[in-house]
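Overview (structure and organization)
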Amino acid sequence: MAPAAAGPGFRAPRNLVSFVVSPARQAGSPTEDEHTMTRTSRFALIFLFGALVALSGDQAPRSATLAPGLARALDDPAHAARRADGRVKVWVRFRDKGVPAGQLPAALAAARAEVSPRALARRTRVTGAAAAVDERDLPLAPAYLARAAATGAEPHRHSRWLNAASFLADDTQVRDLAQLPEVAGIDLVARFTSAAIPTPVAEQPAKHGQGPLPTGRDAGKSTTVIDYGDNSAAMVQAGVPAAHDLLGLTGTGVVVGMLDTGFRTQHEALTHIPVLGAWDFVNDDPIVDNEAGDPASSRSHGTMTLSTVAAWMPGLLVAPAPNVAVLLGKTEDVSREVPIEEDNWIAGLEWCEAQGADIISSSLGYIDWYEFADLDGNTCVTTVAADLAAGRGLLVVNSAGNDRASSGHLIAPADADSIITVGAVDPAGVVTWFSSPGPTADGRTKPDVAALGQSNRVVDPNNDTAYVNASGTSFSCPLVSGVAALVLERVPDLAPLEVIEALRATASHPGAPDNDTGWGIVNAYAAATWFGPVIAHTPVADPQVTAGPWNVAATISARLGLTGLPQLVHRVNGGPWHTSAMIPLGPPDLFAGALPAAAAGLTVEYYLTAVDGGGHATNWPQGGAVSPFSFTPAPGTSPAGDTPDRGGAWLLANAPNPFNPSTTLRFGLAEAGPARLAIFDARGRLVRTLLDGGLAAGDHVVAWDGRDDSGRAAPSGVYFSRLASGGVIRQQKMQLLR
């Protein structure tokens, strides 16, 4: 389906010229990133899109404001903003949406119907249901667009959020547009030219085979060491292996919107990626790979950045988030005749947001017609749009730019205050020679974080079994996007500002942020565990040689503390899920629960869940009910039925075992009555009486802190717990390790 911003009569012009590709960067040449933000001219911009949109058109007509940069372009027939035919591309900002107050509820309901359920759920988490759809989501007034088009100006893109449309117009048409009573202001559409130079290297001769993708079900069962191939340096530097191996995170359930050039998804390392939607904003069609007549480089940059987020080819290239789904927006024309422009980017941003993206990865930026003073977080059009996206719960991750050696400052929208701006470091962790530094014009520290951006391993966009190296913040950005996907996979309800906090607070130097690498190099494991409880548990073995019940012990901690008790959720043979609270034991963060007995051959599935003091819930394994732990009692371990006879009293194996300094014992009585539970050493001598008295029927839990009846610490060794009740004696073996 075509995005809302690309309707009939709004077809973008085709401009086809390839990127420059060179095997190596020469001294003094531009950065090796395909989208180096090169400034061709600098003009002041006072055209602010951040004002709230008025709803009705009953205001007194006022003359539209022409931004100073546009006024200068109109006065200069040779101005760099002019096309070959003399026209300029301009933003036309309208005063309102042309909706009478009485029709507003119906208009908002119609706009809500155009937002995907996933996007609506994300917005609701951040803004609340009432504010999930607002006036900014209303379409531009058709009458206003028609009158603007009647001037002869050629329409291009719409932005609902900014209440603006872009047009190609000659001087007379610009002045006619300014006379329309509904037009509030007109300015140039910003752009940059492309000067990137990826560095190809020899194809890897050895291939290890794709292999199955990791899943959350594997978490905690065993440590799976992934062979990252030549991407190992980037992954280790960013703390990704620990997030993969210890937390089982791979980006499952997260949707990343990629805004870039074209994309080729047939590469062997990319074929596994689910593409939920694609749109070519250059040619207004759903084909984001090269089409007939396109230069070969049309898909180069986007394919390489996509591989930096989600590639999966063990031994050759594995990225941080191989299990994400993606939305692919081709927003950039590689033509030199018509440099890349910001109106396609904004259309792509609004499209991805409405389709349900969680993250936007944008290795792009815009600088022509802007001066450093405009990089204040409130002026540049893409900056305003990026912050509006954040207000809808969408995390925007953007390159800082590669202008360190030229302009010496950021590009838009890297100055936005509600996005993650990413700088580039080399393998030694030193800021690269090209990575654009901060601060912003209003003095804020930027970038926010950094990641490897020099000689990154990426797929070859022109050979489906080859790999190349490329450099630039274009590649440190999607690397951080992949890390952010791991953070959101573990704690899906985080707002963009919380993800930013997690990435900043756990980076390499959070106490001393600077304008080269921000708060430092990202640490995926630490960022992913900044919010939400961290649960450590050894799963019940499969197949299980006992009939149960089975102890479930876990260490559960949270930086913000826990809200309530952790929960143990289970089901038998695909039946309904049952939830029970886990019981805290003596040691901090140790909790225990029990799974009821099940008949042989029936599959038991379970997972653990907990909530931290900030209200953030996490599961273990990560997928919860989607990918729980599971095991099956072996044949002959229990009689028919789900609950075998336990003989009036039962005593389960302690957990943890071995233990130090304490462990928990779960036991139960079929009927109320007296019971005695005691600890004996290997020679049969009494060490500790844990309880001796009347108890109610049902399950009970007691902790032993490893001390005897005198309060002295018992030495390392083998001990036995012994339960006596109603003429029945049960005993379990345990081991204390000091």
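See above for the structure.
In what follows, the accompanying structure is described. (Residues numbered from 1 in each chain as written. Predicted model: local features only at pLDDT ≥ 70, side-chain atom pairs only at ≥ 80, totals over all residues. Heavy atoms only, no water.)

This part is about the overall build of the chain. The secondary structure content of the chain amounts to 13 helices and 34 strands. Per-residue burial for the chain yields a buried fraction of 58% across its 738 residues. Sequence separation of 24 or more characterises 77% of the internal contacts of the chain that already satisfy a separation of 6 or more. If you sum the accessible surface of the chain, you get close to 26200 Å²; carbon and sulfur atoms cover 55% of it. (Helix = DSSP H or I, 4+ residues; strand = E, 2+ residues; numbered from the N terminus. Buried < 20%, exposed > 50% of the residue type's maximum accessible area, 1.4 Å probe, protein only. Contact = heavy atoms within 4.5 Å. Areas by Shrake-Rupley, 256 points an atom, 1.4 Å probe, with all protein chains shown as cover.)

Counting buried positions over the six residues of strand β24 (residues 590–595) gives five, a clear majority of the element. One ladder, built from six bridges, connects strand β20 (residues 550–557) with β24; its direction is antiparallel. Bridge assignment links Ala 553 to a residue of β24, and that residue is Ala 592. Relative to β24, strand β23 (residues 583–584) is paired through two bridges, and the arrangement is antiparallel. Bridge pairing links Ile 583 to Ala 592 in β24. With antiparallel pairing between neighbouring strands as the criterion, β23 and β24 make up a hairpin whose turn holds five residues, including Asp 589 at a positive phi of roughly 75°. (Pairing = 2+ DSSP bridges.)

What follows deals with the pattern of salt bridges. Overall, the coordinates contain 31 salt bridges when judged by the stated rule. A salt bridge links Asp 289 to Arg 299, with the shortest nitrogen-to-oxygen separation between them at 3.0 Å. One end of the pair, Asp 289, is in the loop between β8 (275–280) and α8 (300–310); the other, Arg 299, is in the loop between β8 and α8, and 10 residues separate them in sequence. Comparing Asp 289 with Arg 299, the two get one shared label, buried. Two residues, Asp 708 and Arg 712, come together in a salt bridge whose shortest N-O distance is 3.4 Å. Overall, the relative accessible area of 16% leaves Asp 708 in the buried class. Residues joined by salt bridges that share partners form a network here, namely Arg 122, Arg 123, Asp 134, Asp 137, Glu 353 and Arg 392. (Salt bridge = Lys/Arg side-chain N within 4 Å of Asp/Glu carboxyl O.)

Positionally, Arg 666 belongs in strand β29 (residues 663–669). In this structure Arg 666 touches Asn 551, Ile 583, Ala 592, Gly 593, Ala 594, Leu 651, Leu 652, His 700 and Val 701, once residues within four positions along its chain are discounted.

Once that is clear, we can look at α8. With respect to burial, α8 is a largely interior element, 11 of its 11 residues being buried. Among the residues of α8, those classed as buried are Ser 300, His 301, Gly 302, Thr 303, Met 304, Thr 305, Leu 306, Ser 307, Thr 308, Val 309 and Ala 310.

The next point concerns the side chain of Glu 605. By secondary structure assignment, the location of Glu 605 is in strand β25 (residues 604–611). The exposure class assigned to Glu 605 is buried, which follows from its relative accessible area of 13%. For Glu 605, the side chain forms a polar contact with the side chain of Arg 571, separated by 2.7 Å. When residues no more than four places from it in sequence are discounted, the contact partners of Glu 605 are Val 569, His 570, Arg 571, Gly 574, Trp 577, Pro 628, Phe 629 and Ser 630. (Polar contact = N/O pair within 3.5 Å; in protein donor to acceptor, adjacent residues only side chain to side chain.)

Moving on, we come to the nonpolar core. The nonpolar side chains of soluble globular proteins are, as a tendency, buried together. Ranked by size, the top nonpolar core spans 67 residues in total, and within it Trp 345 and Leu 349 carry the most contacts. Counting 63 residues, the second-largest nonpolar core is a separate cluster that includes Ala 310, Ala 311, Val 483 and Leu 486. (Core = buried A, V, L, I, M, F, W, Y, C linked by side-chain atoms within 4.5 Å.)

Okay, the pairing of strand β4 (residues 164–169) next. Of all six residues making up β4, six are buried, and the element is well covered by its neighbours. Residues Ala 164, Ser 166 and Leu 168 point to one face of β4 and Ala 165, Phe 167 and Ala 169 to the other, with burial holding for every one of them. Pairing analysis gives six bridges linking strand β2 (residues 88–94) to β4, with the strands arranged antiparallel. The partner of Lys 89 across the bridge, within β4, is Leu 168. Relative to β4, strand β3 (residues 154–159) runs antiparallel, the two being bridged by four bridges. The residue of β4 that forms the bridge with Ser 159 is Ala 164. The antiparallel pairing of β3 with β4 creates a hairpin that spans four residues between the two strands, and Asn 163 there sits at a positive phi of about 50°.

With the rule as written, the count across this model stands at 10 aromatic pairs. Between Tyr 606 and Phe 631, the ring centres sit 6.3 Å apart and the planes meet at 70°, which makes this aromatic pair edge-to-face. Of this pair, Tyr 606 sits in strand β25 while Phe 631 sits in strand β27 (residues 629–631), placing them 25 residues apart in sequence. The buried category is assigned to Phe 631, whose relative accessible area is 1%. Aromatic rings pair up to connect Trp 550, Tyr 606, Phe 629 and Phe 631 into one cluster. (Phe/Tyr/Trp six-rings, centres within 6.5 Å; stacked < 30°, edge-to-face > 60°.)

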